[in-house]
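Secondary and tertiary structure notes
One-letter residues, chain by chain:
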Amino acid sequence: MKKMKLWMMAAILTFSGYAVLTSCTDSIADNPTTPDQPEQVADYTVIYYGHGGGNLDLSLLNNLKQFTQADAKSYDNVNICVQYKYSTLKSMMETYENYKKDTYLTEENKRQLLQAQEGIYPHAGKTLRYVVAPADDSEDIPYYGLDNADATQIDSLVNFINWAATTCPAKKYVLIVSDHGGGYLPSNELPVGEPPASTRGVMFDDGHNSNHFTAKTLPQAIGQAAIRPQVVYMDACLMNSVEYQFELAPVCDYLTLSTFLVPGQGGDYVELVNALSQNPTDVEAALTRLAKATVNAWDQNYVEGMPLFHDMTVTRTAGIDALGAEIRKLTDKLVDAYQNGGDEGKDAIDECTATAYRTNENSPFYDFIDYLQNLCIALPDVFGNALTHPMGTAFDNTIVYQQSSTWVEENHHTVDLSIMLSCKGYYTVVGEQFGVPFYLRYYADGDMEAVMPSGESMRGDYWGSTLDATYCQLRFDQQTGWSRWLKLNQQEPNLEC
């Protein structure tokens, strides 16, 4: 077995404090069982599953360092299991060249980054698996599995969760998935047997043509594990979407997600470990502390006048299905009003769609609650008080806590939950090439079209699937019928972020 000496990782991370990394067996149990006496196991085991994703290695390795910096007492009742896959050497070298060109870095910071980036080259494509535990005499962290194994396979995550539960059994489990994230796009959700999309997904593997978990395969993996995590924390961008919330709801009790982009530094794992330890029976209090500490840490990068779009939401999944029932009622009214309500009502709905708050400059994600609120204001005779009661109550019952960056709060850009909007069944991704913006339309029947600002367009290749085979298979759509509106709507949603 190849091993990385602890001093090698220390050169990258400069480990310090009470906890160090200890080697663990490579054995994987398919069906771990919880001991008969729960008082003999920890209150929590944190199960961290991460990948460098092409350019995040140094940031995520710093997260792993945070796992060793919690209060000494926290390790008495909180275990931490880690599986981390490094980016490929090609990606690492591309990141190195980008650091060299970065004009915002001081020369000293640039020197340190370049040196650290060079230091991880020997580990490119390799995967580590280990436990963070109180200090012992171990010097080695074993590599796990084959070099450049695909981190996005369902079996990979299932086996790791089962291994962690066997190695460090606990009363409750917190699963962290850490890498790039792209929210929900149908083009990421290709049918079984199709080639993987090259667009952004959840934890895309740079060593395997950007294979990634999707809104379907991620919950499949979690659901096949031998234990049920109490919490799923996606330390990744754009994941606080209604599509992902409904898909993940059956496999956990709480979700911790961000609507906007997540800075490379990721979550505050010191606070997570301490909060779990100090709140062994109140996970909502622990996750609230995590959200506050994490977003406050991101706020430290704030420069006066610079937009800083960051947030974190803690969701209680027990209320998700009740929320879905209320969304279906509102969707029914929306579809009926658009089809049968006359031109005045249709124009009012179109105005709401044309001015919907777009949460990401590239992707068709919009502020869902804001959109519904505007519809209720525009057509009070149709929707009545649907948003304030009972749908508002149902939504409030899913929210544990939300924290937004200071800039977002002060400039009134808070977003409760995002959703995909489309026009005539197609959704639009905004891109740019050679400084010129363009629009990629993904049609419901599978066609693609590139549209320039001048109006010139070119029909492209088949994008790999259809709306019926992707969005319409989501739990969210099956409970709410939202795709009816995606296909019926005739107004292009706002394309400006």
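Residues numbered from 1 in each chain as written. Predicted model: local features only at pLDDT ≥ 70, side-chain atom pairs only at ≥ 80, totals over all residues. Heavy atoms only, no water.

Quick look at the layout of surface pockets
Of the volumes computed, that of the largest pocket is approximately 890 Å³. Considering each element in turn, the lining of the largest pocket owes the most residues, three residues, to helix α2 (residues 57–66). Looking at the lining of the largest pocket residue by residue, the classes come out as 15 nonpolar, 14 polar and five charged. (1 Å grid on protein atoms, 1.4 Å probe; cavity = no way out; pocket = protein on both sides within 12 Å on 5 of 7 lines; lining within 4 Å. Points joined across faces, edges and corners; volume = space filled by probe spheres on them. Helix = DSSP H or I, 4+ residues; strand = E, 2+ residues; numbered from the N terminus. Nonpolar A, V, L, I, M, F, W, Y, C, P; charged D, E, K, R; others polar.)

Quick look at the side chain of glutamine 66
Structurally, the position occupied by glutamine 66 is in helix α2. Sequence-distant contacts of glutamine 66, that is, excluding residues within four places in its chain, are made with Gly267, Asp268, Tyr269 and Val270. (Contact = heavy atoms within 4.5 Å.)

Some details on the packing of helix α8 (residues 269–278) against helix α9 (residues 283–299)
At their nearest, the axes of α8 and α9 sit 8 Å apart, and the two run at 160 degrees to each other. Classified by the interaxial angle, the pair formed by α8 and α9 is roughly antiparallel. The element α8 and its partner α9 pack so that their crossing is right-handed. Of the residues in α9, those in contact with Glu271, Leu272, Asn274, Ala275, Leu276 and Gln278 of α8 are Val283, Ala286, Arg289, Leu290 and Ala293. In terms of residue class, the contact of α8 with α9 is built from seven nonpolar, two polar and two charged. (Axes fitted to C-alpha atoms, helices over the stretch in contact; angles between N-to-C directions. Parallel < 35°, antiparallel > 145°, perpendicular 65-115°, else oblique. Left-handed = near helix turned anticlockwise from the far one by under 90°.)

Notes on unusual backbone geometry
One non-glycine residue with positive phi stands out, namely leucine 238, at about 65 degrees. Looking at the secondary structure, you find leucine 238 in the loop between β10 (231–235) and α7 (242–248). For histidine 412, which is not glycine, the phi dihedral falls at a positive 60 degrees. Examined against the element boundaries, histidine 412 turns out to sit in the loop between α15 (406–410) and β15 (418–420).

Here's the deal with the packing of aromatic side chains
Applying the stated criterion across every chain yields a total of 20 aromatic pairs. A centroid spacing of 6.5 Å and a plane angle of 55 degrees characterise the contact between tyrosine 49 and phenylalanine 213, whose relative ring orientation is tilted. Here tyrosine 49 is found in strand β3 (residues 42–51), whereas its partner phenylalanine 213 is found in strand β9 (residues 211–213), with 164 residues between them in sequence. With respect to class, tyrosine 49 is no different from phenylalanine 213; both count as buried. Here the aromatic rings of tyrosine 442 and tryptophan 463 are separated by 6.0 Å at their centres, their planes lie at 75 degrees, and the arrangement is edge-to-face. Separated by 21 residues along the polypeptide, tyrosine 442 in strand β17 (residues 436–442) and tryptophan 463 in the loop between β19 (457–459) and α16 (475–480) bring together distant segments of the chain. The buried category is assigned to tyrosine 442, whose relative accessible area is 8%. (Phe/Tyr/Trp six-rings, centres within 6.5 Å; stacked < 30°, edge-to-face > 60°. Buried < 20%, exposed > 50% of the residue type's maximum accessible area, 1.4 Å probe, protein only.)

Observations regarding the confidence of the model for the protein
For the protein, the average pLDDT comes to 86, and 87% of its residues sit at 70 or higher. Residue range residues 1–38 is modelled with pLDDT below 50. Its contacts to residues more than four positions away, or to other chains, number 107 contacts. Predicted confidence is poor over residues 191–200, with pLDDT under 50, and the contacts of this stretch with residues over four places away or in other chains come to 21 contacts. (pLDDT = per-residue confidence, 0-100.)

Here's the deal with the environment of lysine 171
You can see lysine 171 is positioned in strand β7 (residues 170–178). Overall, lysine 171 belongs to the partly exposed group, its relative accessible area being 45%. Taking the C-alpha atoms as reference points, lysine 171 and glutamine 230, 59 residues apart in sequence, are found 9.7 Å from one another. In terms of polar contacts, lysine 171 uses its side chain to reach the side chain of aspartate 43, at 3.4 Å. (Polar contact = N/O pair within 3.5 Å; in protein donor to acceptor, adjacent residues only side chain to side chain.)

Structural notes on the pairing of β17
Sheet topology places strand β16 (residues 427–433) next to β17; seven bridges connect them, and they run antiparallel. Each bridged residue has a counterpart across the sheet, and for valine 429 the counterpart in β17 is leucine 440. In the sheet, β17 pairs with strand β18 (residues 448–451) via four bridges, with the strands oriented antiparallel. The residue bridging tyrosine 439 from the neighbouring strand is valine 451, located in β18. (Pairing = 2+ DSSP bridges.)

What to know about the packing of helix α10 (residues 320–340) against helix α11 (residues 342–354)
Contact geometry for α10 and α11: axes closest at 7 Å, N-to-C directions at 130 degrees. Classified by the angle their axes make, α10 and α11 are oblique. Two secondary-structure elements touch here, α10 through Leu334, Ala337, Tyr338 and Asn340 and α11 through Gly342, Lys346, Ile349 and Asp350. Classifying every residue of the contact of α10 with α11 gives four nonpolar, two polar and two charged.

Overview of the sheet that holds β16
The strand order β16-β17-β18-β19 describes an open sheet built from four strands, whose pairing is antiparallel. Each of the sheet's edge strands pairs with one partner strand only, and the pair in question is β16 and β19. Put simply, the sheet's adjacent strands are angled 20 degrees from each other on average, direction ignored. Sheet topology places β18 next to β19; three bridges connect them, and they run antiparallel. The residue bridging alanine 450 from the neighbouring strand is methionine 458, located in β19.

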